[in-house]
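Here's the letter readout for the chains.
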Amino acid sequence: MGKPRVEVDQDLCVGSATCVELAKGAFKLNDEDKAEVDDPTAVSMEDLKEAEAQCPVDAILVEEDSDG
Ligand code: SF4
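Remember, predicted model here, so these are calculated numbers, not experimental data.

About the thresholds
Residues numbered from 1 in each chain as written. Predicted model: local features only at pLDDT ≥ 70, side-chain atom pairs only at ≥ 80, totals over all residues. Heavy atoms only, no water. Buried < 20%, exposed > 50% of the residue type's maximum accessible area, 1.4 Å probe, protein only. Helix = DSSP H or I, 4+ residues; strand = E, 2+ residues; numbered from the N terminus. Arc of directions from axis to C-beta. Contact = heavy atoms within 4.5 Å. Near = heavy atom within 4 Å. Nonpolar A, V, L, I, M, F, W, Y, C, P; charged D, E, K, R; others polar. Salt bridge = Lys/Arg side-chain N within 4 Å of Asp/Glu carboxyl O.

Colleague: Any chance you could explain helix 2 (residues 45–54) here in plain terms?
Modeller: Each α-helix winds once per 3.6 residues, and so residues spaced three or four apart point in a common direction. Residues of helix 2 that are buried include every one of Met45, Leu48, Ala51 and Glu52, and no others. Taken end-on, helix 2 shows its buried residues confined to a sector of 120°, consistent with a single buried face. Exposed and facing more than 90 degrees away from the buried side of helix 2 are Glu46 and Ala53. Of the surrounding elements, those touching the buried residues of helix 2 are strand 1 (4–8), helix 1 (18–22), strand 2 (27–29) and strand 4 (60–64).

Colleague: Explanation requested: the site of the ligand in the structure shown.
Modeller: The environment of the ligand is made up of 14 residues, and the closest members are Cys13, Ser16, Ala17, Cys19 and Cys55. Looking at side-chain class alone, the shell around the ligand contains eleven nonpolar, three polar and no charged residues.

Colleague: When you look at the pattern of salt bridges in this model, what are you seeing that I'm missing?
Modeller: Two side chains bearing opposite charge may form a pair once their charged atoms approach each other closely. Per the stated rule, a full pass over the model turns up four salt bridges. We note a salt bridge from Arg5 to Glu63, for which the minimum N-O separation is 2.6 Å. Here Arg5 is found in strand 1, whereas its partner Glu63 is found in strand 4, with 58 residues between them in sequence. As a salt-bridge pair, Glu52 and Lys49 come within 3.8 Å of each other at their nearest N and O atoms. On the criterion of helical spacing, the pair formed by Glu52 and Lys49 is a turn pair, its members being three residues apart in helix 2. By sharing partners, the salt bridges in this structure join Arg5, Glu7 and Glu63 into a single network.

This is how it looks when you write it as structure tokens:
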């Protein structure tokens, strides 16, 4: 299993911080209250997928990068 590829679409993000709570360390809010990818390896793929699933605006993309 490769490392995860994680992206946040900041145009969609509404700063709910759901991802920050569900995957602590993987995401952080920046000065504009938009989520940024911090360290995706800080949490399990399961937690990343949960954050992806729970984002209210589907701004998160999580993929397993098997080539990684
Ligand atoms: S859960 Fe979605 S909307 Fe909320 S901060 Fe994270 S990326 Fe933004």
